[in-house]
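# Coordinate analysis (summary)
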Amino acid sequence: MQNNNEVLLKVDHLCQYFRLGRKDLKAVDDVSFEIRKGESFGLVGESGCGKTTTGRSIIKLYNITSGNVYFKGERIGAGIRSYQDAISAARADAASKIKALRAEKDADAARKAEIQEEIKKINKELGAVVDRNRALIRDAKSNTKDVDKKYVESLLQALEAEYAQKFDAAAGNTVQLAALKKEYKNRCRVAKKSKLITQIQMIFQDPIASLDPRMTVRDIIAEGLVIKGITDKDYINEKVYEILETVGLVREHADRYPHEFSGGQRQRIGIARAVIMQPDMIIADEPVSALDVSIQAQVINLLNDLRERMGLTILFIAHDLSVVKYFSDRIGVMYFGKMVELADSDELFKNPLHPYTKSLLSAIPLPDPVYEKQRTRIIYNPIAEHDYRVDKPSFREIAPGHFVHCNDAEEQKYKQQLK
Amino acid sequence: MNREIKLSVNDLKISFRTDAGKVQAVRNISFDLYKGETLAIVGESGSGKSVTSKAIMGISAGNSIYEGGEILYDGQDLTRIPEEEMHKLRGDKIAMIFQDPLSSLNPIMRIGKQITEAMLLKNKANRKEGRVTFNKTLAALSETIKKALAENPQPGVTAADVDKYIKTFDAFNIQAIKLENSYNDARTAAEEMIAVIEDLLFMTENKQKVDVVSSLGLIKSRLKEINDKYFVAGYEDALKAHAVAVEEITRAERAKVSVIDVVKKLVDNGASKNEASPETVETLKALKKTAQEMLSQPQYNFFRIGYYVYKHPETDLSQMPADAANEMTVKFLNEDFMDSFMVLVKLAVQYSFDKTIEHKKSAVEAIEKAIDFFRAGDFTAQEAEKTCKYVNSSVTAAIDPLAIVKDNVAYTCGSSLEREVKKYFFYVKNNPKEEARFARQTAQREALLAKGKKVDWKIVPKSVIALDVQIAAIVSVLSRVMNKFKADIEAAESFEADKRCLEIIDFLKEKASQVVYTLTKRIAKEKAIKLMEEVGIPEARMRYRQYPFEFSGGMRQRIVIAIALSANPDILICDEPTTALDVTIQAQILELINRLKKERNLSIIFITHDLGVVANMADRIAVMYAGKIVEYGTAEEVFYKPQHPYTWALLSSMPDLDTNEKLDAIPGTPPNMIYPPVGDAFAERNKYAMEIDFELQPPMYEVSPTHYAATWLLHPNAPKVEIPKIITERIRRMEERGGAHAE
């Protein structure tokens, strides 16, 4: 779409673990990617692979376990588990070293002072590691808190600059000046309450479950504005009508309840609710999976329209590969909490490298009976495919913009394949 | 197409009573399902696909009304048979896989029990049913032979002789059943023994403790049973040796059980558990091998042996190997009985068939007359009843009593005709009433509107059916039977009496063995485990004891399929079986269904809204919209040469991997079926709609002998319309791809 290399969202080594008895369930494990401004990024994988969790972690519906999320260059989410892990690892390491030294000390009285010295050194090193990591933890905590302060400040500055001009223009006219001042005050109040995270909005999978059945469509759509602190009823109504028309509904729908709408219309309401906040980015979590084929096309077309008109960036989560391919500029494939492949959508479908991606692509049903009857599915068996006992895998760039989760040997193999 | 029709749906019409009015969910749909094919029904939600499938299963919602039409299966109209009859078909002959696997499994029952439950229940019912059918068929055969003899007497055969033949046949079949019963018991015992051994070995392999002593007890008792029955020819010595070995290991195992264990057993009534020793395992493995070998031996043909034993009651064939026994008895049976009996059977079959054709000819005449009578209109109730009776009796006479595959159309002709005629007289009475009510309400509403009041209710549309339409319905029932008969008469030349004779004897044999086949819980378990492996569940023996929540979505759907297959159905209805699953699992499930279809020659009705899935599965496709089938054809025809604008719209609204252009979404939503549109239901959302689309429903146009579509665009006077570019592009790409495959 747009040739813009400005990174809007950066996810850096994101981990999201859930407690599951004594163990951790690694729902998302060390996932990194960037989304550029104005692009549509698709996230695919089978159910339970962590696509939705990734989306929800970005929008801070969960507290992330470790890793960082940057939005517009600000760190909006940070996990501290990795630092804590580093501290406890360092402690355990130091403790075992000291224990060994003490045993040596008891055995060999002659080297007592020397060993004492060594223990001190180890303790000092440990202290340094702990301090460093604690600082990082503090940083992470304060950083994510300061984000909103910074955002509010920038908003206030912009307002001040805007109104300074207006005040100058209206100088002398007391009535107009008073009105302007009132407006300025009001907007400042709203701005003070703003949060950066509201620039990311979410559309949920199930249009029935995600709309409160006791609220009218107007209330549902306006809720975000109300929470933001806008009190002007007329302004809100005007906005709601405008948005309703944008998403292909009519004004009269504002006073109805969600149950009076069909599936596609409900999903439009969900979209309207997200779009009214004028976000820079939308996380669409399986927005069409629960809809009929014909309605799916309506919703996809609407999202595409909105994207062009409002310059939205979209993180599109789905399991239907044909839809993702159609909708997205770049696609990331996830498997069991890991991102296994990431590339431009055309590139990914033309040159799939990771065996899981190949298996996924071979499972897509197409509306072509002759082809379908000859299609053979590739079965992915991670144990047979990879040998990760010695050579640990990581997420690497094989070709420009084409990343694969692999180890050294596989990297060589994939590079060979691309030539 | 000369294939066996398994199920046919004719003019089915189903509505739902709701507070707002009558919702017409299915409006006059008809289709046939052939043996071994997959028919896919495609459409949006609310188009009536699921309603149709539920009607076939006889599980429609409580507020549904069957307004007309019939679902014919095995000589019965499924919309009209009582619930007890439906019990016999549901799950047994027609099975269903539902969309949501979790809601169709019982959460508090172990998987194994859910799979075996139906098997065990059905086995009991089958045995009873087998006996009844056997007697009925034999009686019909005897009667026909006698009739045939009366007309063309054979030298040296009298009616009394026929009675004797039939009696002999019956008696030696009973003898055969008895022998087979005993043999089956032995086989059952052997199978059970293998099952026990397998369980024991499995537990030991997985280092779990088992009650070895009592298991060995079970094995011993089974072994004894095998030794006593008709089974062991050539294996007596081996079995005896095994029995001694088992005795020994039992003693050894018993010695291992401590006093504490025994006390515990006495006090708690529990089992004393320990691990099987290596010697035990070895011995049991050897025994298992022998038993499996025995099971794989050629089976006795009890039909032949039965006769021999019947004639020579004092002989003991049990020591003879199966091959030799079969060889000897077949000769005896043929010379002594079968050859002459077969002559009679053939005579009867030929006679019955000739008579049937004759009757069919006269029935066709009667029907022709009846059609003229009804077409003329203006008849009284008595006249109509008389005509119906006459038609009914002549059609019933034309049913061949010896045909194994029942003629659905002829069997249900009487009831269908009666129903349609009844309806006619109902409309004669009801139409004026409805008109009056409608006029009254319209006047009321207009008066209110004229006063300037706000009217918040709609007029309930009149449910009036013009009398000539109803007469057409009556005529269509008659002409359906007539066409069927005419086709039969034409095909009479190619009739093979020999083939039919064998069919009858085989049918009788099959029913007889159905009577003796017993299924014990242990064998059911083994069968269930085999079935679970067949549908691709790993470690079936362990998973057998798990609960549904312990399975993932795809595995659950497999369990549901296994349950559906456990009764070995004729027809499988899949109601969106993969919609809740993701791509990889979906592909697995579809592959599984396709494989099972091939292996078992199943007929499948596959319901979905995903066209990609359909391309993979379907032989033929019916596209449904607003309760009607709008297009109907083979998969290739529907995908490569779609005719109906709705099919175009469906195809163009789904992106595939090469789609770049803007999707052609279908504007709007399906119509409210309380007020179904007068014309083509799709007209409002159709950009190709013509004026006539809003006024008149299009008829089904034939595109090719297998391809039909209901759109006015196919009318010779219709303007030429271009298929949307997105589809032509795709078809072109598909052809390229298909061409590449062909090379």
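A few words now on the overall build of chain A. Broken down by element type, chain A carries 14 helices and 12 strands. In terms of overall dimensions, chain A has a C-alpha envelope of 90 × 75 × 45 Å along the principal axes. The 419 residues of chain A split such that 36% are buried. Sequence-distant contacts, at least 24 apart, represent 66% of the contacts inside chain A between residues at least 6 apart.

Turning to the confidence of the model for chain B, a few remarks are in order. All names here are of chain B. Looking at chain B, pLDDT values average 82 and 96% of them are 70 or higher. Low pLDDT, under 50, characterises residues 739-743; the predicted model gives this stretch 1 contact beyond four residues in sequence or across chains. Both confidence scores are given for the complex: pTM 0.76, ipTM 0.78.

Attention shifts here to the sheet that holds strand E2 (residues 21-34) of chain B. Residue and element names in this part refer to chain B. As summarised here, the arrangement of the 4 strands in space is E2-E1-E4-E5, forming an open sheet in which the pairing is antiparallel. Only two strands of the sheet have a single neighbouring strand rather than two, namely E2 and strand E5 (76-77). Direction of pairing for strand E1 (residues 5-18) relative to E2: antiparallel, over a ladder of 10 bridges. For Ser15, the partnering residue across the bridge sits in E2 and is Gln24. Here helix H12 (residues 408-450) sits on the sheet and contacts E1, strand E4 (64-73) and E5; the angle it forms with E4, its principal contact strand, is near 150 degrees.

With that out of the way, let us pick up the interface of chain A and chain B. The interface of chain A with chain B comprises 32 residues on the first partner and 35 residues on the second. If you list the elements that add at least two residues to the side of chain A that touches chain B, you get helix H8 (293-310), helix H9 (321-327), helix H11 (355-362) and helix H12 (369-374) of chain A. Of all the elements, H8 of chain A adds the most residues to the side of chain A that touches chain B, at 7 residues. Among the residues forming the side of chain A that touches chain B, the class breakdown is 16 nonpolar, 10 polar and 6 charged.

Next up on the list: the nonpolar core. Grouped together as the largest cluster of nonpolar side chains are 182 residues, with contacts concentrated most on Leu315 and Phe316 of chain A together with Val623 of chain B. Every residue in contact with Val623 of chain B, bar those within four places of it in the chain, is listed here: Val42, Gly43, Ile629, Val630, Glu631, Val638, His644, Tyr646 and Thr647 of chain B. Residues Leu179, Tyr183, Ala189 and Ala190 of chain B belong to the second largest nonpolar core, which totals 51 residues.

On to the domain arrangement of chain B. Residue and element names in this part refer to chain B. Once the domains are mapped, chain B shows domain 1 (5-107 + 547-742) and domain 2 (375-493). The gap between the C-alpha centroids of domain 1 and domain 2 is 27 Å. At the junction of the two partners, domain 1 supplies 9 residues and domain 2 supplies 8 residues.

Let us now look at the environment of Arg75 of chain A. Residue and element names in this part refer to chain A. Looking at the secondary structure, you find Arg75 in strand E5 (residues 74-80). Note on Arg75: 17 C-beta atoms within 10 Å, which makes it partly exposed. Considered as a pair, Arg75 and Asp146 are 71 residues apart in the sequence and their alpha carbons are 9.2 Å apart.

On to the pairing of strand E1 (residues 7-20) of chain A. Successive residues of a regular strand alternate their side chains across the two faces of the sheet. In the sheet, E1 of chain A pairs with strand E2 (residues 23-36) of chain A via 10 bridges, with the strands oriented antiparallel. Looking at E2 of chain A, one finds that Lys10 of chain A is bridged to Glu34 of chain A.

Residue and element names in this part refer to chain A. In terms of strand pairing, strand E11 (residues 394-399) meets strand E12 (residues 402-406) through 5 bridges, oriented antiparallel. In the strand pairing of E12, Glu397 is matched with Phe403. Linking E11 to E12, which pair antiparallel, is a turn of 2 residues; within it Gly401 sits at a positive phi near 80 degrees.

This paragraph deals with the sheet that holds strand E10 (residues 628-634) of chain B. Residue and element names in this part refer to chain B. Here 8 strands make up an open sheet; going across it, the order is E6-E7-E8-E3-E9-E10-E12-E11 and the pairing mixed. On the outer flanks of this sheet lie strand E6 (94-97) and strand E11 (701-704), each paired with one strand and no other. Each strand axis lies, on average, 20 degrees off the axis of its neighbour in the sheet, ignoring direction. Pairing between strand E7 (residues 571-575) and strand E8 (residues 603-608): 5 bridges, direction parallel. Residue Cys574 lies in a different strand from E8, and its bridge partner there is Phe606. Where helix H1 (residues 49-57) meets the sheet, it contacts strand E3 (38-42), E6, E7, E8 and strand E9 (620-625), and its direction lies at approximately 150 degrees from that of E7.

About the thresholds
Residues numbered from 1 in each chain as written. Chains lettered and ligands numbered in written order. Predicted model: local features only at pLDDT ≥ 70, side-chain atom pairs only at ≥ 80, totals over all residues. Helix = DSSP H or I, 4+ residues; strand = E, 2+ residues; numbered from the N terminus. Buried ≥ 20, exposed ≤ 12 C-beta atoms within 10 Å, placed from the backbone. Contact = placed C-beta atoms within 7 Å. pLDDT = per-residue confidence, 0-100. Pairing = 2+ DSSP bridges. Axes fitted to C-alpha atoms, helices over the stretch in contact; angles between N-to-C directions. Nonpolar A, V, L, I, M, F, W, Y, C, P; charged D, E, K, R; others polar. Core = buried A, V, L, I, M, F, W, Y, C linked by C-beta atoms within 7 Å. Domains from an automatic or database assignment.

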